Amino acid sequence: MPAPMDPTDDELALLLRRSLQALPDVPPWATERALAVWRTPASAAPAPGLLQRLTATLGFDSWQPQPGLALRGRSQGPRQLLFSVGGHDIDLRVLSLQGPEPRHAISGQVLGPATEGGVTWLPLAPGAGAETVETADATGSQEVALDDLGEFVISGLTSARGVVRLRLAGHVVYLSPIDLSATGPEG
C-alpha cells in the first residue's frame with residue numbers, strides 16, 4: 001500500500017470550509033461564561049476618581065540597630081530607609097547638606113507597577129504630641145515629579161521632621177515620619 005500524500009493548499013482550504021459549515025456556532029451562554037472569567041466584578045472594582053490612602057511599612061532603616069554578626073561598626077553615611085506598600089518598594093536616602101544653615105535632601109526611587117506620579121515633603125508642626133499626617137504643615141511642603149525610572153530628589157529641606165507623601169496611580173501613600181536633624185545611628 002503506497003504512503004498517503006500530503007494534501008495541497010487548495011485541498012486544505014476546502015476541508016476548512018466544509019468543517020466550518022458542519023460545526024455549530026458557540027452558544028451565547030458559553031461565550032458569556034468565558035468572558036465573565038476575565039472580568040472583575042463591579043463590586044470589586046474601585047470607584048473611578050477616588051484616591052485610596054495607604055500607609056507604607058518601614059522594612060529597613062540603616063540607622064536602627066541591626067543584629068550585626070561580624071560587623072565592625074555602623075556607617076555614618078547617608079541614611080537609607082526601605083518601605084513597602086502594596087506592590088511597591090520605596091528606597092529613600094536622607095542626606096545632610098553642608099552649609100551655614102542645616103539643610104537636607106531626600107532622594108529615592110519607587111519600584112513597582114506604577115512609577116508615575118509625584119512625591120511631596122510635608123513638614124510636621126513643631127511641638128505636636130502625636131506626629132501623624134494630620135499634623136503635617138502643607139504651607140512648607142515641597143513637591144517633585146517622579147522621572148521615567150521612578151526616581152526623585154527633594155533638596156533644600158530645612159524642617160526637622162516631616163512625612164513623605166507619594167501619589168501613584170490613584171493611590172496616596174504616606175511614609176512614617178522622618179527626622180532629618182538626626183546626626184547618625186544610635187549606639
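Residues numbered from 1 in each chain as written. Predicted model: local features only at pLDDT ≥ 70, side-chain atom pairs only at ≥ 80, totals over all residues. Heavy atoms only, no water.

(A) Representation of a negative patch on the surface. A contiguous patch of negative charge, built from Glu 116, Asp 147, Asp 148 and Glu 151, is present on the exposed surface. Along the chain, Asp 147 falls in the loop between strand 7 (142-145) and strand 8 (151-157). Taking relative accessible area as the criterion, Asp 147 reaches 34% and is therefore assigned partly exposed. (Patch = residues over 30% accessible without salt bridge, like charges linked within 9 Å, V, L, I, M, F, W, Y side chains within 5 Å. Areas by Shrake-Rupley, 256 points an atom, 1.4 Å probe, with all protein chains shown as cover. Salt bridge = Lys/Arg side-chain N within 4 Å of Asp/Glu carboxyl O. Lys, Arg positive; Asp, Glu negative; His and termini not counted. Charge placed at Lys NZ, Arg CZ, Asp CG, Glu CD. Helix = DSSP H or I, 4+ residues; strand = E, 2+ residues; numbered from the N terminus. Buried < 20%, exposed > 50% of the residue type's maximum accessible area, 1.4 Å probe, protein only.)

(B) Molecular detail of the nonpolar core. Within the largest apolar cluster, 22 residues are counted, with the highest numbers of intra-cluster contacts made by Leu 92, Ile 106, Val 164 and Leu 175. Those elements that place two or more of their residues in this core are strand 3 (79-85), strand 4 (88-97), strand 5 (103-111), strand 6 (117-123), strand 8 and strand 9 (161-168). Among the nonpolar cores identified, the runner-up in size contains five residues, and Leu 124, Val 163, Val 172 and Tyr 174 belong to it. (Core = buried A, V, L, I, M, F, W, Y, C linked by side-chain atoms within 4.5 Å.)

(C) Representation of the confidence of the model for the chain in the model. In this model, the chain carries an average pLDDT of 76, and 72% of its residues clear a pLDDT of 70 or more. By mean pLDDT, strand 1 (residues 52-55) is the weakest element of the chain at 69, and strand 6 is the strongest at 90. Predicted confidence for residues 42-49 stays below pLDDT 50, and this span has one contact to residues more than four positions away or in other chains. (pLDDT = per-residue confidence, 0-100. Contact = heavy atoms within 4.5 Å.)

(D) Up close: the sheet that holds strand 2 (residues 57-61). Strand order in the open sheet made by the five strands is 2-3-4-5-8, with antiparallel pairing throughout. Two strands lie at the open edges of the sheet, namely strand 2 and strand 8, each paired on one side alone. Neighbour to neighbour, the strand axes of the sheet diverge by 20° on average, direction disregarded. In this structure, strand 3 lies alongside strand 4, joined through seven bridges in antiparallel fashion. Residue pairing across strands places Phe 83 opposite Ile 90, the latter belonging to strand 4. (Pairing = 2+ DSSP bridges. Axes fitted to C-alpha atoms, helices over the stretch in contact; angles between N-to-C directions.)

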